[in-house]
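Spelled out, the chains give:
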Protein chains: 2
Amino acid sequence: MILENLKGKQVILASQSPRRQELLKGIGVDFKVLVKNGIEEDFDPEMHFSEVATYLARKKASAYNQEIADNAIIITADTIVCTDNDILNKPADRVDAVRMLRCLSGKQHKVITGVCIKSSMYESCFSAESIVFFKDLESYEIDYYVDNFKPYDKAGAYGIQEWIGYIGITRIEGSYFNVMGFPIQMVYEELKKF
Amino acid sequence: MILENLKGKQVILASQSPRRQELLKGIGVDFKVLVKNGIEEDFDPEMHFSEVATYLARKKASAYNQEIADNAIIITADTIVCTDNDILNKPADRVDAVRMLRCLSGKQHKVITGVCIKSSMYESCFSAESIVFFKDLESYEIDYYVDNFKPYDKAGAYGIQEWIGYIGITRIEGSYFNVMGFPIQMVYEELKKF
């Protein structure tokens with residue numbers, strides 16, 4: 001084990017995302033998944049885009065205050081997709097998914113993931129920002145993706161690690177894993193402090 | 001199937017890399033793997049770094065001229081890792097792998113993949129360039145990676161999709177899949193032309 005300081009501690013990942021679980025596992029952390037439902041993902045619409053993801057991650061973490069035993073570390077995260085004027089959440093339905101992908105086609109957008117890591121003694125909240133460039137997507141490519149991959153659990157209606165990421169994304173600037181939903185390099189460095 | 005134009009054609013991927021096979025599969029192409037050994041990966045040391053990968057991909061493709069039946073399409077690729085002054089190939093041994101990772105630590109470098117796609121009628125050769133930024137790697141992180149992941153089949157002695165990529169890479173500019181060894185978005189667009 002590389003993060004020796006976590007020995008004897010109980011790491012809890014409060015996220016249902018299989019991508020986040022895979023990435024946290026990938027840096028060799030033993031953890032369990034515990035997800036509370038019913039945490040509202042609302043925020044002040046006046047809030048600047050860059051603050052929203054960290055705000056939501058911190059809000060999720062505060063819902064777990066009761067669970068933080070002396071030796072526990074809770075990790076929460078929230079990923080948002082921002083176009084010039086808008087935040088794209090998870091698509092409501094097929095029409096909404098197609099609308100989002102049309103909106104991302106041929107342009108760049110930002111993906112911001114906020115992360116909160118919290119023990120009874122210490123809290124670290126931070127965010128990472130990546131820029132993603134999509135080629136001009138053909139209508140049949142959007143239809144094919146939505147019908148075959150059903151990206152309804154994904155902010156912005158796409159997963160960079162899926163077919164649409166292979167054929168549609170020409171370039172990124174920043175962390176690829178952040179676009180997947182978890183800036184794992186930063187998480188690793190922050191976990192060293194616990 | 002999305003690349004309808006490939007129907008009835010025999011796509012051959014001339015690469016042993018499991019990453020390239022996974023990426024080509026990921027865009028829905030049916031293909032078989034056929035690898036000829038003994039193709040020398042040498043090049044004129046006067047050649048500019050940016051030309052080397054395409055040169056090597058084209059050289060590999062020319063070794064398959066006999067295999068290109070009327071309906072066949074052959075795909076070859078070569079990935080190189082370039083520091084300011086040097087091209088890093090696959091490491092010869094443990095000492096060489098550690099030396100390469102020390103050389104990449106705390107700096108940015110370029111990853112260039114050249115690809116050649118060739119039928120009896122048409123040839124398309126191109127390359128993609130990504131910039132990769134490593135944090136300052138600790139000695140124990142380099143040792144842990146080399147001992148556990150044995151990156152002897154990888155140019156530059158690392159795989160971005162492995163532990164060292166998770167904990168060590170702070171940023172990329174360009175295509176992530178190109179750093180994995182195959183600029184799949186460009187390959188997809190080029191395959192449309194066959």
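Residues numbered from 1 in each chain as written. Chains lettered and ligands numbered in written order. Predicted model: local features only at pLDDT ≥ 70, side-chain atom pairs only at ≥ 80, totals over all residues.

1. Side note on the nonpolar core
- Judged by nonpolar contacts, the single largest core of 110 residues is most densely connected at Ile75 and Tyr176 of chain A together with Ile75 and Tyr176 of chain B.
- Those residues in contact with Tyr176 of chain B, other than ones at most four positions away along the chain, are Ile172 and Tyr176 of chain A together with Ile160 of chain B. (Core = buried A, V, L, I, M, F, W, Y, C linked by C-beta atoms within 7 Å. Buried ≥ 20, exposed ≤ 12 C-beta atoms within 10 Å, placed from the backbone. Contact = placed C-beta atoms within 7 Å.)

2. What about helix H2 (residues 49-62) of chain A?
All names here are of chain A.
- Taking 1.5 Å per residue as the helical rise, H2 with its 14 residues ought to reach 20 Å, and the 21 Å between its terminal C-alpha atoms agrees with that figure.
- Residues Val52, Ala53, Leu56, Ala57, Lys60 and Ala61 constitute the buried set of H2. Buried residues along H2 cover an arc of 165 degrees about the axis, so they all sit on one side.
- On its buried side, H2 packs onto strand S3 (72-82), strand S4 (87-88), strand S5 (108-118) and strand S6 (123-134). (Helix = DSSP H or I, 4+ residues; strand = E, 2+ residues; numbered from the N terminus. Expected span 1.5 Å × (residues − 1). Arc of directions from axis to C-beta.)

3. Focus on the pairing of S6 of chain A
All names here are of chain A.
- Summarising the sheet, S5 and S6 pair through 11 bridges and their orientation is antiparallel. When the bridges of S6 are listed, Gln108 appears paired with Phe133.
- Linkage of S5 to S6, two consecutive antiparallel strands, is achieved through a turn of 4 residues.
- The pairing of S6 with strand S7 (residues 169-174) spans 4 bridges and is classified as antiparallel. Counted as the bridge partner of Val132 is Ile172 from S7. (Pairing = 2+ DSSP bridges.)

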